[in-house]
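Secondary and tertiary structure notes
The lines below spell out each chain.
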Amino acid sequence: MLEIQNLRVSVLDIDDSEILKGIDLKVNNGEVHAIMGPNGSGKSTLANVLMGRPDYVITEGDILYDGKSIVALLPEHRAHLGMFLAFQYPAEIPGVRPWQFLKAALDARADARGEEKMSVRDFSKLFDEKVEAVGINPQLVKRSLNEGFSGGEKKRHEMLQLEVLKPELAILDETDSGLDVDALRIVAEGVNSMRSPDRSFIIVTHYQRLLNYIKPDVVHILIDGRIVKTGGPELALKVEKDGYKPYTSVGATA
Amino acid sequence: MTSQNTISRTSDLSGQEYQYGFVTDIETDLAPKGLNEDIVRLISSKKREPEWMLEWRLKAYRYWVELNESESEPEWANVKYPKIDYQDIYYYAAPKSVTEAPKSLDDVDPEMLATFEKLGIPLQERAKLAGIAVDAVFDSVSVATTFEKQLGELGIIFCSFSEAVRNHPDLVKKYLGSVVPYTDNFFASLNAAVFSDGSFAYIPPGVRCPIELMTYFRINTADTGQFERTLIIADKGAYVSYLEGCTAPFRKTHQLHAAVVELIALDDSQIKYSTIQNWFPGTPEGEGGVFNFVTKRGRADKNAKISWTQVETGSAITWKYPSVILKGDNSVGEFFSVALTNNYQQADTGTKMIHIGKNTKSTIVAKGISAGHGNNTYRGQVLIMPSAENAVNHTQCDSLLIGDKCGAHTVPYIEVRNPTARLEHEASTSKVSDDQLFYLRARGLSEEEAHHMIITGWSREVFQELPFEFALEASQLLKISLEGAVG
Ligand SMILES: Nc1ncnc2c1ncn2[C@@H]1O[C@H](COP(=O)(O)OP(=O)(O)OP(=O)(O)O)[C@@H](O)[C@H]1O
Ligand SMILES: [Mg+2]
């Protein structure tokens, strides 16, 4: 599904700004990968670069999606391929209704794939269903996109989009941060219900807690732009107990 | 098919940007270029006007000549344009086949109807489906008025200005110039002297006009000045919503448009006036385009309400300040505006709210979008007279910048002569952020779609004041007008 090869990334137009320093990562169909790492280690950068954010340059390496390089593709084209990023900090867009936005997103993808657009009626039904499922106050989605949403409401709203768009590769950047227990369960249930042999997840998180609900196939530790350790679910438990210290020294001596 | 050829030539020159750039091949009845008393007389006689109307025009003409000689063309607006040679303009152009005044749509030149079709004017069936009465002004003469009969049963008069002069002289005499006198300003004087046609509406006491009244203006003949005059009167307790749409074909030379709109809202009545202005803005390099100098003003009597909503995307230069004189106690004035300037367009637009009555209330929401080398100025005046006890004004001015070569300016002017007034003023300037763009693109919207969604959202407070179909058109217009500015 996704293969990242020796990926090196800097910030556009800033010298000596390398953030990702050679990442290798392979996500097979149906797998759930968790990425953990200290603040500023490059997790969001990786997520954004996968989605094609223009602020970064790839200085070395490649990203393959279903075997084809996607580094030259625009963000919207990656979305059309079936990639999705749940943002750590979703942007606020005044005057745009969540309903209108999500319908436009679905339509754009259908257009690009030459598929038939979902009817307004079917979409409305699906939308209302999912609003309830992710536990968003229906009044909220009548407002502007993310504007005045609480931290948790923004994250629930990202889940709503994920569940409506049903991407093939979903990248969740700290979707569990700032959530109450109920919301955490909603995120977990959302992911678990969508798990399937042809859908993969990359879940960036700081908390082992989430991984109690979502059993990852693989856990990676990202420190200072490098994946310093890869293992099974037990790795997350270890981090919870000992912190990143042990890996920092590994990273330094390696 | 000359007009077909013109279409393809137009799109070669300006790409997708101006959809309405085609010229219709209809014989035009042209008066010679230039302005003098004889031209004023000619216009008046072409329209078979009564003597009093001619007299009024001549008074206006003489006043304008004085202004012109003393070089009183206004220069305070933040717009730059080459000096206009008023002797190098045609002041009268009537489509030939219409001088024999068509009795119904069947009598109208089919080519003209085809033009309306291209413009998307919902005449005939489409008008009926849309529930709109259209009074289309083609150059200078009103071509067709639909729904006249249905409206007539309610006592509503909706016709061309010329017809009103002939058939309803008492109403015209009583109200013409009562809100915008011919001495008001340079362009208003010019209009009063040579106005060609326009629309007239009268809603009798207590009647709620059941459909949106709509006028579509379009400038066709090269170098024609278009000077429409619109007069709308809502009698006591009446309600009317009026829509005005404007387009002009692609021309390399500048065209002058100096219109006057007067609204009279008598006690307890309400007038809602919506405009989508899409005159030809000039080429992306700044050649050609319409000079749009418009005076729009309304008078609100006791408990009356006047709302102006405008979406201004066209014209090389827009100079326009729809205003409300809040004369009666408890009267309400509103102004909702989105003005977009792209390439080399310039807009200096805003409003005046003049509070005279007690407990009068005004709301101003002015949004300016600047892209390319566009220059956008909001100029507003809120005047609270000593008699206006407990007047309230809320003003909100928002600017949105796209790119870094454009400009946005706000010139709010407030004068308070009664201490009980309450005024609020908010202003903001924003840019479309990279975070917003990436968020939408990551969901599959193209860069252009993303910009369009952000800008439409940003304009929502104004768009939601427009009748639904107009709101869709307005949003489409923003999209077309911004092509090339983003990406
Ligand atoms: N566009 C940018 N311009 C400048 N610096 C950047 C940019 N993007 C990321 N960085 C820097 O790169 C480093 C990694 O940032 P990133 O957001 O990827 O960290 P993270 O692992 O997601 O951290 P957190 O756990 O706090 O979310 C940080 O030092 C950050 O300041
Ligand atoms: Mg992060």
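In case you missed it, the structure is sitting above this.
For clarity, every value in this text was computed on a predicted model and none was experimentally measured. (Residues numbered from 1 in each chain as written. Chains lettered and ligands numbered in written order. Predicted model: local features only at pLDDT ≥ 70, side-chain atom pairs only at ≥ 80, totals over all residues. Heavy atoms only, no water.)

Brief notes about the overall build of chain B
A count of helices and strands for chain B gives 13 helices and 23 strands. Considering chain B as a whole, with its 487 residues, one finds that 62% of them fall into the buried category. Summarising the internal contacts of chain B: among those between residues at least 6 apart in sequence, 83% fall at separations of at least 24. In the form shown here, chain B has an accessible surface area of approximately 18000 Å², with 49% of it arising from carbon and sulfur atoms. (Helix = DSSP H or I, 4+ residues; strand = E, 2+ residues; numbered from the N terminus. Buried < 20%, exposed > 50% of the residue type's maximum accessible area, 1.4 Å probe, protein only. Contact = heavy atoms within 4.5 Å. Areas by Shrake-Rupley, 256 points an atom, 1.4 Å probe, with all protein chains shown as cover.)

What about the coordination of the magnesium ion (ligand 2)?
Residue and element names in this part refer to chain A. Distances from the magnesium ion (ligand 2) to its protein donors, namely Ser44 (OG) and Gln88 (OE1), fall within the range 2.0 to 2.1 Å. With a gap of 44 residues between them, Ser44 in helix H1 (residues 43–51) and Gln88 in the loop between strand E6 (83–86) and helix H3 (98–113) connect regions that are remote in the sequence. Gln88 gets classed as buried once you look at its relative accessible area, which sits at 16%. (Donors = N, O, S within 2.8 Å, 3.2 Å for Na, K, Ca; no water.)

Topic: the interface of chain A and chain B
Counting residues at the interface gives 34 residues for chain A, matched by 20 residues for chain B. Counting each side, the surface lost to burial between chain A and chain B is near 2100 Å², with a carbon and sulfur contribution of 62%. Taken as a group, Arg53, Glu76 and Ile93 of chain A account for 24% of the area that chain A buries against chain B, more than any other trio of residues on that side. The interface formed by chain A and chain B holds 3 salt bridges in total. Measuring nitrogen to oxygen at the nearest pair gives 2.8 Å for the salt bridge that ties Glu76 of chain A to Arg441 of chain B. Linking chain A to chain B there are 12 residue pairs in polar contact (both at pLDDT 80 or more). Those elements that place two or more of their residues in the side of chain A that touches chain B are H1, helix H2 (75–81), E6, H3 and helix H5 (151–165) of chain A. Top contributing element to the side of chain A that touches chain B by residue count: H3 of chain A, with 5 residues. Per-class residue counts for the side of chain A that touches chain B are 21 nonpolar, 8 polar and 5 charged. (Buried area = accessible area lost by both parts, 1.4 Å probe. Salt bridge = Lys/Arg side-chain N within 4 Å of Asp/Glu carboxyl O. Polar contact = N/O pair within 3.5 Å; in protein donor to acceptor, adjacent residues only side chain to side chain. Nonpolar A, V, L, I, M, F, W, Y, C, P; charged D, E, K, R; others polar.)

Some remarks on the pattern of salt bridges
It is possible for side chains bearing opposite charge to pair when their charged atoms get close. In this structure the tally under the stated criterion is 30 salt bridges over all chains. A salt bridge links Arg53 of chain A to Asp435 of chain B; the shortest N-O distance between them is 2.7 Å. In this pair, Arg53 of chain A is assigned in the loop between H1 and strand E4 (56–65) and Asp435 of chain B in helix H10 (residues 434–441), connecting two distinct chains. Of the residues examined, Arg53 of chain A reaches a relative accessible area of 13% and is grouped as buried. Residue Asp435 of chain B is classed as partly exposed on the basis of its relative accessible area of 43%. Salt bridges sharing partners connect three or more residues here, namely Arg8, Glu18 and Glu60 of chain A.

Describing the site of ligand 1
Residues and elements named next belong to chain A. The full set close to ligand 1 counts 14 residues, and Gly40, Lys43, Ser44, Thr45 and Tyr56 are the nearest of them. In the environment of ligand 1, an oxygen atom lies 3.1 Å from a nitrogen or oxygen atom belonging to the side chain of Asn39. Gln88 is positioned with one of its side-chain polar atoms (N or O) 3.0 Å from an oxygen atom of ligand 1. In the complex, the protein chains occlude 63% of the 630 Å² of accessible area that ligand 1 would expose alone. Top contributing element to the shell around ligand 1 by residue count: H1, with 3 residues. Looking at the shell around ligand 1 residue by residue, the classes come out as 4 nonpolar, 8 polar and 2 charged. (Near = heavy atom within 4 Å.)

Quick look at the nonpolar core
Nonpolar side chains in soluble globular proteins generally cluster together in the buried interior. Judged by nonpolar contacts, the single largest core of 99 residues is most densely connected at Leu2, Leu7, Leu50 and Leu172 of chain A together with Ile369 and Leu440 of chain B. Take this core: its biggest share by element is 7 residues, from helix H6 (residues 181–194) of chain A. Discounting residues that sit within four places of it in the chain, Leu2 of chain A has contacts with Leu25, Lys26, Val27, Leu50, Ile63, Leu64, Tyr65, Leu169 and Ile202 of chain A. Tyr61, Tyr175, Phe187 and Tyr321 of chain B belong to the second-largest nonpolar core, a separate cluster that totals 55 residues. (Core = buried A, V, L, I, M, F, W, Y, C linked by side-chain atoms within 4.5 Å.)

A short note on the packing of helix H4 (residues 120–133) of chain A against H5 of chain A
Residue and element names in this part refer to chain A. Direction vectors running N to C along H4 and H5 enclose 135 degrees, while the axes themselves pass 10 Å from each other. Considering the angle they form, H4 stands oblique to H5. Crossing handedness for the pair H4 and H5: right-handed. From H4, Phe123, Leu126, Phe127, Lys130 and Val131 reach across to H5, where they touch Leu160, Glu163 and Val164. (Axes fitted to C-alpha atoms, helices over the stretch in contact; angles between N-to-C directions. Parallel < 35°, antiparallel > 145°, perpendicular 65-115°, else oblique. Left-handed = near helix turned anticlockwise from the far one by under 90°.)

Notes on the sheet that holds strand E8 (residues 200–204) of chain A
Residues and elements named next belong to chain A. The 6 strands lie next to each other as E6-E7-E8-E3-E9-E10, forming an open sheet whose pairing is mixed. A strand with exactly one partner marks an edge of an open sheet, and here the two such strands are E6 and strand E10 (226–231). Each strand axis lies, on average, 20 degrees off the axis of its neighbour in the sheet, ignoring direction. Direction of pairing for strand E3 (residues 32–36) relative to strand E9 (residues 218–223): parallel, over a ladder of 4 bridges. Of the residues in E9, the one forming a bridge with Met36 is Ile221. Helix-sheet contacts for H5 involve E6 and strand E7 (169–173), and the interaxial angle to E6 is about 165 degrees. (Pairing = 2+ DSSP bridges.)

Description of the sheet that holds strand E2 (residues 20–27) of chain A
Residues and elements named next belong to chain A. The 4 strands lie next to each other as E2-E1-E4-E5, forming an open sheet whose pairing is antiparallel. The two strands at the open ends of the sheet, each matched to only one other strand, are E2 and strand E5 (68–69). When strand E1 (residues 2–11) meets E2, the two strands line up antiparallel, connected through 6 bridges. Its bridge partner lying in E2, Arg8 is registered against Lys21.

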